[in-house]
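Okay, here's what each chain looks like letter by letter:
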Protein chains: 2
Amino acid sequence: MRYNGLIDKYREYLPVSDSTEIITLCEGNTPLIKADNLARKLELDCEIYLKYEGSNPTGSFKDRGMTMAVTKAKEEGSHAIICASTGNTSAAAAAYGAKAGLKTYVLIPDGYIALGKLSQAMMYGARVIAINGNFDNALDAVREISKNYPITLVNSVNPYRIEGQKTGAFEIVEALGDAPDYHFIPVGNAGNITAYWKGYKEFFNLGKSKQLPKMMGIQAEGSAAIVKGHKIDAPQTIATAIRIGNPASWKQAEAARDESKGTIDMVSDEKIIEAYNLLASTEGVLAEPASCAPVAGLIKLKDTIKPKSKIVCILTGNGLKDPDCAIKYAKSPVEKTTSDIKDIVKLMGL
Amino acid sequence: MRYNGLIDKYREYLPVSDSTEIITLCEGNTPLIKADNLARKLELDCEIYLKYEGSNPTGSFKDRGMTMAVTKAKEEGSHAIICASTGNTSAAAAAYGAKAGLKTYVLIPDGYIALGKLSQAMMYGARVIAINGNFDNALDAVREISKNYPITLVNSVNPYRIEGQKTGAFEIVEALGDAPDYHFIPVGNAGNITAYWKGYKEFFNLGKSKQLPKMMGIQAEGSAAIVKGHKIDAPQTIATAIRIGNPASWKQAEAARDESKGTIDMVSDEKIIEAYNLLASTEGVLAEPASCAPVAGLIKLKDTIKPKSKIVCILTGNGLKDPDCAIKYAKSPVEKTTSDIKDIVKLMGL
């Protein structure tokens, strides 16, 4: 049987009916990679698993929420979707908008010139509009427009996105036969930690798991609003996907932490890059910097982890999303020699 | 049950034993996306499916072969792997080498400066060595070195790669309940068309499918050695992943074509880019240019396709592999306006 996306698979747990036309790119069903090299390296007598969300169709976990948001937008008769985003959300919105045959508008602050991150949205045919203002102005504008026109807002305030994203927890429970002991996850806008906690609770309440995990949210130091207990006006971190100073799901993230007896902690950019290199060189897994925050968090907190635990780290985005970072932080330069076998073999140290 | 890669899943059809230690990044199990928008656009009364190999762990179909090649290298006691490659093969080799704990050497011709394509291999910790010569010199060197040292050559001459790659055909047969009528696939070195044909034949002979597909190999005009019947000395195409003038599996590709009553045809770079844009804007699927050759081929040959057919196109690599191409060919530029809602709404045409 052909896998046809997460709504088709988890239909009974999602707000759709039998007559709902599903807009899907076969998102979800992502690998849970066992990371034994990493466990050995950290001297942790545990099973570590990496949930590799970068294999989603547009390269990030945003596809899980977007299949729901766009499916519902179409069902409700919307003619277009809109979001303010310079990154993964814009790519996901544009791809699902294209698949649904809906117009997609992406608003960004002017002066934002990193075309790389926007090239996906542009290829998928979205109209990208740069406004003379900052990101908050762009967000205000899309809220206002979506109120007054038949255009659906697909930013994280769209309630269906959490519904789609919770399926990541379902997949983990099914893969492991139970919930893990610890669930490490990057925290930016805090929608994803909210969604996973909701998913874990739903499956636990249905008797599909025997336990609930401790939710271990990891922020970047330069944008650690929840850890520091106040909004960050100018958030800074190399992990652009979690560079958010005032998380939309702040309260829900704190609830997930408290209900699960977990924690929300923070890591420096330096530690994020260390984890980025470690993941690639020991596990062969390249994930975008924000995705490496939970691994850096696991390293920071490893002495608090109970032996024999099962640990899942959510790697939210594909490393190919940020090629500049890979070029900048790859440790070994290209070495040069002649085409003489003797010289090559000597350089190789044979 | 956790999916643990294609060797685990298709063990009985692959050259491994119960004691083989499998080196996997959970490759395979890739989406088969139904492309109804594309079928409508082409006015084809057919089911078109896109096999999205870009969701493999390093972003291309090469991972299917590399899990086999590296698993066998480790089983056979090798201490290192080596390849000559500037692209997808180097990324896959380096990732699986890292996972296996083997040293990985990547030889490239000097003067090759597109770090983007190499950044993956470098991140995964491979030693990248540029030799003063061309690609053929690099290939000669890795062959010579692998003969004289306990270093396994993982270029396409490695016989295990075809074995891993044939599992793509298994997945398609299982997803559709039978083989498709037509199988469109890019042809560069011709290993993949060889592997898929082998896979289809094996499942047909086991009674798992009722039919065999017509194999429709598509080359780029500037490197269409098989179509033109002679080696191309300086192959040229924007589809770098199939820019090969003397395919290693030339004869096997011709055999697949002839046995299946299919064809090997060619398309221009212009048509490849058209297909690249069409896939992204109508289906929300971004694939690297070489992956779009089969779609361009389907467009070229559409009048020869029988109505009601099932057609599979293999999209071999992730569009994120080639961000420069996306920036260059995205049709719509970023539009600019003020942050005044009236101006934004006017620009949007509301």
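As the structure is a computational prediction, the values presented were derived from the model and not from experiment.

J.: Is there a simple way to explain the interface of chain A and chain B in this structure?
T.: Many authors give the size of an interface as the accessible area that is lost as the parts come together. Facing the 77 residues of chain A at the interface are 77 residues of chain B. Run the count over chain A and chain B and you get six salt bridges. Between B:Lys336 and A:Asp110 there is a salt bridge whose closest N-O contact spans 3.5 Å. Its residues placed into classes, the side of chain A that touches chain B shows 48 nonpolar, 18 polar and 11 charged. Inspection of the sheet shows strand β11 (residues 335-337) of chain A paired to strand β5 (residues 127-131) of chain B by three bridges, in the parallel sense. The residue bridging A:Glu335 from the neighbouring strand is B:Ile129, located in β5(B).

J.: Please explain the nonpolar core as it appears in this structure.
T.: One recurring pattern in soluble globular proteins is that nonpolar side chains are buried together. One finds A:Ile48, A:Leu50, A:Phe184, A:Leu298 and A:Ile311 to be the most contacted residues of the largest nonpolar core, which totals 104 residues. Those residues within four positions of A:Phe184 in sequence are excluded, and the remaining contacts are A:Met216, A:Ile218, A:Pro294, A:Gly297, A:Leu298, A:Leu301, A:Ile305, A:Ile311, A:Val312, A:Cys313 and A:Ile314. Ranked by size, the runner-up nonpolar core spans 69 residues in total, among them A:Leu102, B:Val267, B:Ala275 and B:Ala280.

J.: Would you take a moment to explain the sheet that holds strand β3 (residues 80-84) of chain A for this structure?
T.: The strands making up a sheet are joined through hydrogen bonds of the backbone, oriented either antiparallel or parallel. If you trace the five strands from one edge of the open sheet to the other, you get β6(A)-β3(A)-β4(A)-β5(A)-β11(B), paired in parallel fashion. Among the strands making up the open sheet, the edge pair consists of β6 (151-153) of chain A together with β11 (335-337) of chain B. The mean angle between the axes of side-by-side strands here comes to 30°, regardless of whether they run parallel or antiparallel.

J.: Even after reading the chapter, I still don't get the sheet that holds strand β3 (residues 80-84) of chain B, so can you show me in this structure?
T.: Overall, parallel pairing links the five strands, which are arranged β11(A)-β5(B)-β4(B)-β3(B)-β6(B) in an open sheet. Here the strands that pair on one side only, and so sit at the sheet edges, are β11 of chain A together with β6 (151-153) of chain B. Along the sheet, successive strands turn relative to each other by an average axial angle of 30°, direction set aside. When β3(B) meets β6(B), the two strands line up parallel, connected through three bridges. Pairing of B:Ile81 across the sheet is with B:Thr152, part of β6(B). Contacts from helix α6 (residues 135-148) of chain B reach β3, β4 (103-109), β5 and β6 of chain B within the one sheet, and its direction differs from that of β3(B) by about 155°.

J.: It is not clear to me how the relation of the copies chain A and chain B should be interpreted in this structure. Could you clarify?
T.: Superposition of the two copies of the chain requires a rotation about an axis together with a shift along that axis. Note on the copies: chain A fits chain B at an RMSD of 0.0 Å, the axial shift is 0.0 Å, and the rotation between them is 180°. Read as a symmetry element, the transformation amounts to a two-fold axis. Relative to the rotation axis, the C-alpha of A:Ser55 is the closest in chain A, positioned 2.2 Å from it. Mapped onto chain B, 100% of the interface residues of chain A again fall at the interface, so both copies present the same surface.

J.: Explain the pattern of salt bridges to me, please; I cannot follow it from the model alone.
T.: Residue and element names in this part refer to chain A. Using the criterion set out here, one finds 36 salt bridges over all chains in the structure. The partner of Arg-257 in a salt bridge is Asp-258, and the shortest N-O contact between them spans 2.8 Å. Classification of Arg-257 by relative accessible area gives partly exposed; the value is 21%. The network of salt bridges with common partners includes Lys-51, Glu-53, Arg-64 and Glu-171.

J.: Help me understand helix α4 (residues 88-100) of chain B in this model?
T.: An α-helical segment advances 3.6 residues per turn. Residues three or four places apart therefore align on the same side. Residues and elements named next belong to chain B. Taking 1.5 Å of rise per residue, the 13 residues of α4 would be expected to cover 18 Å, and the 18 Å separating its terminal C-alpha atoms lies within 8% of that figure. Burial analysis of α4 places 13 of its 13 residues in the buried class, the great majority of the element. Where α4 terminates, the next one or two residues include Gly-101, which has phi positive at roughly 75°.

Cut-off values and rules
Residues numbered from 1 in each chain as written. Chains lettered and ligands numbered in written order. Predicted model: local features only at pLDDT ≥ 70, side-chain atom pairs only at ≥ 80, totals over all residues. Heavy atoms only, no water. Contact = heavy atoms within 4.5 Å. Salt bridge = Lys/Arg side-chain N within 4 Å of Asp/Glu carboxyl O. Nonpolar A, V, L, I, M, F, W, Y, C, P; charged D, E, K, R; others polar. Pairing = 2+ DSSP bridges. Helix = DSSP H or I, 4+ residues; strand = E, 2+ residues; numbered from the N terminus. Core = buried A, V, L, I, M, F, W, Y, C linked by side-chain atoms within 4.5 Å. Buried < 20%, exposed > 50% of the residue type's maximum accessible area, 1.4 Å probe, protein only. Axes fitted to C-alpha atoms, helices over the stretch in contact; angles between N-to-C directions. Least-squares fit on C-alpha atoms with pLDDT ≥ 70 in both. Expected span 1.5 Å × (residues − 1).

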